[in-house]
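Tertiary structure, described
Each chain, written out:
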Amino acid sequence: MLKFGHIDASTHFHDQQKEKARPVTVINTFVAPEGKEEEVVAAWTDDAEYMKKSGSLLSVQLYRGIGGSRLFTDVAVWKSAEHLRAALGTPEFASHLERYPARTVAYPHLYQKFAVEGVCEGE
């Protein structure tokens, strides 16, 4: 079963979902147990396919660390924090968490585009 960690102890993912923000990007880094990388990918694929059916997931991409890394990072853009919270709150999604190999840890966090003048656009 998937275990959750906090990348920022001052701001928990659960609390971020209460914000009235749109759109939002979830950046979620998974640490796969040694030798279980393909099982993590299979479980993540099931999650992504389920979330795509919600109609509120705008885009999703999985990245894999190179050079023997056991890290995977999911970048998913949602219509809003509210839409994400609704998708995560279903019993069906809860059952997906059980498909991850034991000792898999995820570090999800919500973001929005941030403008830096002359460099990049914000929301």
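1. Notes on the sheet that holds strand β2 (residues 24-31)
- Strand order in the open sheet made by the 5 strands is β1-β5-β2-β4-β3, with mixed pairing throughout. The open sheet is flanked by β1 (3-4) and β3 (57-64), the only strands paired with a single partner.
- For β2 and strand β4 (residues 71-78), the ladder comprises 8 bridges, and the chain directions are antiparallel. Pairing of Ile27 across the sheet is with Val75, part of β4.
- Sheet contacts for helix α2 (residues 37-52): β2, β3 and β4; angle to β3, the most-contacted strand, approximately 170°.
- This element, helix α3 (residues 81-88), spans β2, β4 and β5 (105-111) of the sheet and lies at about 120° to β4.

2. Focus: the pattern of salt bridges
- The final tally for this structure, using the stated rule, is 4 salt bridges.
- The closest approach of N and O atoms between Glu39 and Lys36, which form a salt bridge, is 3.3 Å.
- For Arg64, the salt bridge is made with Glu38, and the minimal N-O distance between the two is 3.3 Å. One end of the pair, Arg64, is in strand β3; the other, Glu38, is in helix α2, with 26 residues separating them in the sequence.
- When its relative accessible area of 55% is taken as the criterion, Glu38 is described as exposed.

3. Let's talk about the nonpolar core
- Core analysis: the largest hydrophobic core is formed by 25 residues, its most contacted members being Phe30, Met51, Trp78, Tyr100 and Leu110.
- Elements that contribute at least two residues to this core include exactly β2, α2, β4, α3, α4 (91-97) and β5.
- In contact with Met51, not counting residues within four places along its chain, are Leu57, Trp78, Ala87, Leu88 and Phe93.

Reading the values: rules and limits
Residues numbered from 1 in each chain as written. Predicted model: local features only at pLDDT ≥ 70, side-chain atom pairs only at ≥ 80, totals over all residues. Heavy atoms only, no water. Pairing = 2+ DSSP bridges. Helix = DSSP H or I, 4+ residues; strand = E, 2+ residues; numbered from the N terminus. Contact = heavy atoms within 4.5 Å. Axes fitted to C-alpha atoms, helices over the stretch in contact; angles between N-to-C directions. Salt bridge = Lys/Arg side-chain N within 4 Å of Asp/Glu carboxyl O. Buried < 20%, exposed > 50% of the residue type's maximum accessible area, 1.4 Å probe, protein only. Core = buried A, V, L, I, M, F, W, Y, C linked by side-chain atoms within 4.5 Å.

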